[in-house]
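Secondary and tertiary structure notes
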Amino acid sequence: MKIAVIGGGIAGLTAAYRLHPHHEVTLFEKSDRVGGNAFGYRTRDGVEVDIAVAAFGMAGYPNFYRLLDELGVETAMCPNSYMSFHDLDTNSGIYMPTTLAGFLAQGLSALRPSKVWKLARLPVGLARAQHLREQGLVDGKTLRELLAMVPEFTGDTRTILLCALCLLSSMSIAELLDAPARFFLEKLAHHHDVISPKAFYSVRAIKKGTQAYVQALAERIEGCVRLGTGIRSVLRAAGGVTLVLETGEKLHFDRVVFACPADAALRLLDAPTEDERRLLGAWRYKDGRVVLHRDPAPFPPRALVQAYTFLFRKGPDGEVAETSVNGALWYEPQAPDTCDYFSSQYPNFDLNPALIEFETVLRTPVFDFTSVATTKRLPELNGVQGTYFCGSYFGFGLHEDAVTSALAVAKALDAEKRA
Ligand SMILES: Cc1cc2nc3c(=O)[nH]c(=O)nc-3n(C[C@H](O)[C@H](O)[C@H](O)COP(=O)(O)OP(=O)(O)OC[C@H]3O[C@@H](n4cnc5c(N)ncnc54)[C@H](O)[C@@H]3O)c2cc1C
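Residues numbered from 1 in each chain as written. Predicted model: local features only at pLDDT ≥ 70, side-chain atom pairs only at ≥ 80, totals over all residues. Heavy atoms only, no water.

The subject of this paragraph is the domain arrangement of the protein chain. Domain boundaries assigned for the protein chain yield domain 1 (2–36 + 211–284 + 368–418) and domain 2 (75–206 + 285–365). The centre of domain 1, based on its C-alpha atoms, is set 32 Å off from the matching centre of domain 2. With 15 residues of domain 1 at the contact, the number on the domain 2 side is 18 residues. Across the interface of domain 1 and domain 2, roughly 1500 Å² is buried in total on both sides, 71% from carbon and sulfur atoms. There are 3 residue pairs in polar contact (both at pLDDT 80 or more) connecting domain 1 and domain 2. Mapped by element, the contributors of at least two residues to the side of domain 1 that touches domain 2 are helix H10 (211–220), helix H11 (262–268) and helix H13 (369–372). Considering only residue class, the side of domain 1 that touches domain 2 consists of 10 nonpolar, 2 polar and 3 charged. (Domains from an automatic or database assignment. Contact = heavy atoms within 4.5 Å. Buried area = accessible area lost by both parts, 1.4 Å probe. Polar contact = N/O pair within 3.5 Å; in protein donor to acceptor, adjacent residues only side chain to side chain. Helix = DSSP H or I, 4+ residues; strand = E, 2+ residues; numbered from the N terminus. Nonpolar A, V, L, I, M, F, W, Y, C, P; charged D, E, K, R; others polar.)

Listed below in structure tokens is the structure:
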């Protein structure tokens, strides 16, 4: 079959890679690069860094790790791949150093029993929250309501939990608090090695940088990718699907796979069905600013900066109210130790403009009560009027979800061909 894939993120690349041997595939990507939110950048001094997607827990990503194996792409442990939480107003925080230099930078306070106990409250609180979920007691409740039900989820424990969820969802703390508690508990149950001491050995990165697998996928479908090609609309009829490009050019295909965000897919469809309108229309996306810079000023001393360092502020109630998520890029396996770049998502502090090298905006789905309610029904859209959908919004918003939904689309199209 002649198949059009719209969107060159991990979902579109995986779908095209799987369909390519059996079909005539064309992948349309509106920007000038493939990878979507898996965004690689070559710095002025020639270091390849990943400014966004970089880490994958082994427990929650079985399909993604299988795909890497198939492509022959190696992964590596992220040395010191842990988190630090730094209060921008008090210049103090919760640090989990894994090196002697880090312990020395913190002083003896790190060993105080009260500090150690604070960290131990997180797994206790999470176990209690998961127990509540299993009993159905968090159904329909917001994360804010769940936090009030679990005595451990206050103070530093609440800071750690909410900052980590910002990292895992690209949502702000305000958005998280109003979001469905059940969704985030299910996500943490699935990715149980991420907010846990296991993360130290279980969360891995791509040995030569995230771009290594993006390139490996792109090479497998060479000649099938049209970069810088936006789609204006998609018309469906009994004989197949017509793509109208931004240039006005019209191209005919037997099938189309939407691997772009749900809201973009709905906008492109000329006459969406009632289900498409309802299920895709439930998704809101947010444009998140991501800045690549070398400004250490807002951060704690380098020995206390971990792979992910959260710079947070508290609200009037003394609880964490906002945070930025900052990747210290020297922890990426391919980057040299001399690297001093940060990638800051949603910076909530002033940056020295002279130290900013690059910035971009990345789009991510917002997981709220309306959107999450569609997740189980989204696969029902596939196969209707020659149209298929995939992307990270089919699951928890991560790479595994994008890959799993793309593999399902490829399998369904192959089954359609055989029938
Ligand atoms: C800062 C940041 C860090 C992240 N870190 C991680 C991480 O470490 N691990 C992890 O698993 N996940 C991470 N994520 C989540 C990440 O978004 C998903 O894992 C995944 O990359 C999403 O893939 P996708 O293919 O579904 O969508 P996208 O990557 O959003 O790809 C969609 C593509 O469709 C294209 N497109 C849109 N409209 C059109 C159109 N009209 N015509 C043609 N093309 C179009 C876009 O340009 C884009 O390339 C991170 C996200 C962000 C923002």
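Attention shifts here to the packing of aromatic side chains. Throughout the structure, instances matching the rule amount to 20 aromatic pairs. On the basis of an interplanar angle of 15 degrees and a centroid distance of 5.2 Å, the ring pair of Phe-258 and Phe-389 is categorised as stacked. Taken as a pair, Phe-258 in strand S14 (residues 255–258) and Phe-389 in strand S20 (residues 387–389) lie far apart in primary sequence, 131 residues in all. Phe-389 sits in the buried class, given a relative accessible area of 0%. Ring geometry for Trp-330 and Tyr-331: centres 5.9 Å apart, planes at 35 degrees, overall tilted. Relative accessible area serves as the criterion here: at 12%, Tyr-331 is assigned to the buried category. In textbook terms, an aromatic cluster arises when at least three aromatic residues are bridged by ring pairs, as seen for Phe-183, Phe-184, Trp-283, Phe-367, Tyr-393, Phe-394 and Phe-396. (Phe/Tyr/Trp six-rings, centres within 6.5 Å; stacked < 30°, edge-to-face > 60°. Buried < 20%, exposed > 50% of the residue type's maximum accessible area, 1.4 Å probe, protein only.)

Moving on, we come to the sheet that holds strand S11 (residues 231–237). Judged by pairing direction, the sheet is antiparallel, and its 3 strands sit side by side in the order S11-S12-S13 without closing on themselves. Where the open sheet ends on each side, the last strands, each with one partner, are S11 and strand S13 (250–253). Direction aside, the axes of adjacent strands within the sheet are offset by 20 degrees on average. (Pairing = 2+ DSSP bridges. Axes fitted to C-alpha atoms, helices over the stretch in contact; angles between N-to-C directions.)

The space that makes up the second largest pocket amounts to roughly 310 Å³. Forming the boundary of the second largest pocket are 13 residues, of which Phe-183, Glu-186, Val-372, Thr-375 and Lys-376 lie nearest the centre. Of all the secondary-structure elements, those providing two or more residues to the lining of the second largest pocket are helix H8 (181–190) and H13. Among the elements that make up the lining of the second largest pocket, the one with the highest residue count is H8 (3 residues). Of the residues in the lining of the second largest pocket, the class split is 7 nonpolar, 3 polar and 3 charged. Two domains each put at least three residues into the lining of the second largest pocket: domain 1 (2–36 + 211–284 + 368–418) and domain 2 (75–206 + 285–365). (1 Å grid on protein atoms, 1.4 Å probe; cavity = no way out; pocket = protein on both sides within 12 Å on 5 of 7 lines; lining within 4 Å. Points joined across faces, edges and corners; volume = space filled by probe spheres on them.)

On to the environment of Glu-400, then. By the secondary structure assignment, Glu-400 is in helix H14 (residues 399–418). For Glu-400, a relative accessible area of 5% corresponds to the buried category. As for Glu-400 and Asn-63, which are separated by 337 residues in sequence, their C-alpha atoms are 6.4 Å apart. Residue contacts for Glu-400: discarding those within four places in its chain leaves Gly-60, Tyr-61, Pro-62, Asn-63 and Phe-64.

Once that is clear, we can look at helix H12 (residues 274–281). By the burial criterion, the buried members of H12 are Glu-276, Leu-279 and Leu-280. Taken down its axis, H12 places every buried residue within 90 degrees of arc, on the same side. Packing partners of the buried residues in H12 comprise S11, H11 and S20. (Arc of directions from axis to C-beta.)

All told, the structure shown has 24 salt bridges when counted by the stated rule. A salt bridge links Asp-45 to Arg-294; the nearest nitrogen and oxygen atoms lie 3.2 Å apart. Taken as a pair, Asp-45 in the loop between strand S3 (40–42) and strand S4 (48–50) and Arg-294 in the loop between strand S15 (285–293) and strand S16 (308–314) lie far apart in primary sequence, 249 residues in all. A salt bridge links Asp-275 to Arg-377; its shortest N-O distance comes to 4.0 Å. Note that Asp-275 is positioned in helix H12 and Arg-377 in the loop between H13 and S20, a separation of 102 residues in sequence. The exposure class assigned to Arg-377 is partly exposed, which follows from its relative accessible area of 30%. Salt bridges linked by common partners bring Asp-263, Arg-267, Asp-287 and Arg-363 together as one network. (Salt bridge = Lys/Arg side-chain N within 4 Å of Asp/Glu carboxyl O.)

Before going further, it helps to spend a moment on the pairing of S14. Along any regular strand the residues' side chains alternate between the sheet's two faces. The alternating pattern of S14 places Arg-255 and Val-257 and Val-256 and Phe-258 on opposite faces, both of which are buried. Relative to S14, strand S1 (residues 2–6) is paired through 4 bridges, and the arrangement is parallel. The partner of Val-5 across the bridge, within S14, is Val-257. As judged from the 3 bridges shared by S14 and S20, these two strands associate in the parallel manner. By the bridge assignment for S20, Val-256 is matched with Thr-387.

Counting 73 residues, the largest nonpolar core has Leu-243, Phe-258 and Leu-280 as the members making the most contacts within it. The element that contributes the greatest number of residues to this core is helix H6 (residues 155–169), accounting for 9 residues. Each of domain 1 (2–36 + 211–284 + 368–418) and domain 2 (75–206 + 285–365) gives at least three residues to this core. In this structure, Leu-280 is in contact with Ala-262, Ala-265, Leu-266, Leu-269, Asp-275, Leu-378, Leu-381, Phe-389 and Tyr-393, ignoring residues within four places of it in sequence. Residues Ala-16, Val-34, Phe-64 and Leu-398 belong to the second largest nonpolar core, which totals 42 residues. (Core = buried A, V, L, I, M, F, W, Y, C linked by side-chain atoms within 4.5 Å.)

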